[in-house]
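Chain residues, written in single-letter form:
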Amino acid sequence: MLVGKRSWKFQNTPAITATGVTGGPFEAKSPLKDDFDLLYDDLRMGEKSYEKAHRLLLEEATQIALEKAGIQKEDVHMMIAGDLINQITPTSFAARNLEIPYLGIFGACSTSMEGLALASFFVNYGGAGSIITGASSHNAAVERQFRYPTEYGGQKPPTAQWTVTGAGVGLIQPRDTVQGDAVVTTSATIGKVKDYGLKDPFNMGGAMAPAASDTIVGHFQDLGINPSAYDAIITGDLGKIGRETLLDLLQKEGYAVPEEQLQDCGLKIYDETMPVQSGASGAGCSATVLYGHLMNKLRSGELRKILLVATGALLSPISFQQKESIPCIAHAVSIELDDGKGGSGL
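The structure presented is a predicted model; accordingly, all values stated were derived computationally and were not measured.

Caption draft 1: Main features of the overall build of the protein chain. Each helix and strand counted, the protein chain has 9 helices and 15 strands in total. Judged by the C-alpha coordinates and their principal axes, the protein chain covers about 55 × 50 × 35 Å. With 346 residues in all, the protein chain has 60% of them scored as buried. Counting contacts in the protein chain only where the partners sit at least 6 residues apart, residues at least 24 apart contribute 77% of the total. Taking the 29 positively charged and 39 negatively charged side chains of the protein chain as two groups, their mean positions are separated by 3 Å.

This is the structure in structure tokens:
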């Protein structure tokens, strides 16, 4: 199953059999709003705090996925998920209410693909038959912890990104639970922590781009492939600045990825009319775009094979106050449409 130095190949191609995606009022204005299952019209969502609303986003996304699959929470063997808030408490409190065996993970905004890689590993080897995995974020909760409370009204530079209020989860099960076409995971590449000395918390895209480049190049080298293997290579939340940097880095590594092929969840979820500076970010960014918009594209056959590379900035409020630089990481998972005839997509 280990291919090269840090990639896994999933011979049994675990399937993403159901998904759930929730979002907030700003996401209800998104060009991808129709790909959400549930959108709230208030940031508090009937809760007493933004952090409790954050928890609710993940709970509801999970319940939606289970309802689509027609199973009960008691039928789920494991939940692998995380977020950005103090000791991933929104996710852990959601797991408390859901009462599903739980592995809490933290990869910052790379959490969605860290979880999908691990879930696919477990299902591929028979360690579990049904796993819920995903990630979430809440704009007001995250901004309060890592930058300024939104009520402060602080002006942001053009490099800043808007934290997504949303949760996206997928139900991962063995391929043979699905008849006919299925969206499956075929490989994953685990990232290395990369730190190029950037310290500006308002330029996450620039800080994370080297980690994305390292993981993408490692994926190509381990599997002996090149960018043409995929319809699209999609990063999690590099935004405008990070995406441009990544294009340059990949070209220097000998992988000239066409601009139209290298896409970014942080540039998909909002459009240029929305005041988001460089794009979107947050653990919920890649999770909502993958389990909503991209899954719909895969199910319809508009996309056949993608590489999703979620990036994360592994800083904390304390590390920033101590003037540490920002270590970053990226995890990649290849996802494709399996035609059910013993071969996948392309």
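Caption draft 2: A negative patch on the surface, seen in detail. Taken together, Glu244, Asp248, Glu259 and Glu260 make up a surface patch of like negative charges. Checked against the element boundaries, Glu244 lands in helix H6 (residues 239-252). Judged by relative accessible area, which is 49%, Glu244 ranks as partly exposed.

Caption draft 3: Fine view of the state of the cysteines. Throughout the structure, instances matching the rule amount to 0 disulfides. Here Cys109 stays free of any disulfide, with the sulfur of Cys285 as its closest cysteine sulfur at 7.6 Å. Cys265 provides the cysteine sulfur closest to Cys285, a residue in no disulfide bond, and the two sulfurs are 5.5 Å apart. The class for Cys285 is buried, based on a relative accessible area of 0%.

Caption draft 4: Just the nonpolar core, in detail. Residues Leu116, Ile233, Ile306 and Ile335 are the most contacted members of the largest nonpolar core, which totals 83 residues. Apart from residues no more than four positions distant in its own chain, Ile306 is found in contact with Tyr230, Ala232, Ile234, Leu294, Leu298, Val333, Ser334 and Ile335. Judged by nonpolar contacts, the second largest core, of 22 residues, contains Met45, Leu56, Leu66 and Ala167.

Procedures and definitions
- Residues numbered from 1 in each chain as written.
- Predicted model: local features only at pLDDT ≥ 70, side-chain atom pairs only at ≥ 80, totals over all residues.
- Heavy atoms only, no water.
- Helix = DSSP H or I, 4+ residues; strand = E, 2+ residues; numbered from the N terminus.
- Buried < 20%, exposed > 50% of the residue type's maximum accessible area, 1.4 Å probe, protein only.
- Contact = heavy atoms within 4.5 Å.
- Lys, Arg positive; Asp, Glu negative; His and termini not counted.
- Charge placed at Lys NZ, Arg CZ, Asp CG, Glu CD.
- Patch = residues over 30% accessible without salt bridge, like charges linked within 9 Å, V, L, I, M, F, W, Y side chains within 5 Å.
- Areas by Shrake-Rupley, 256 points an atom, 1.4 Å probe, with all protein chains shown as cover.
- Salt bridge = Lys/Arg side-chain N within 4 Å of Asp/Glu carboxyl O.
- Disulfide = S-S within 2.5 Å.
- Core = buried A, V, L, I, M, F, W, Y, C linked by side-chain atoms within 4.5 Å.

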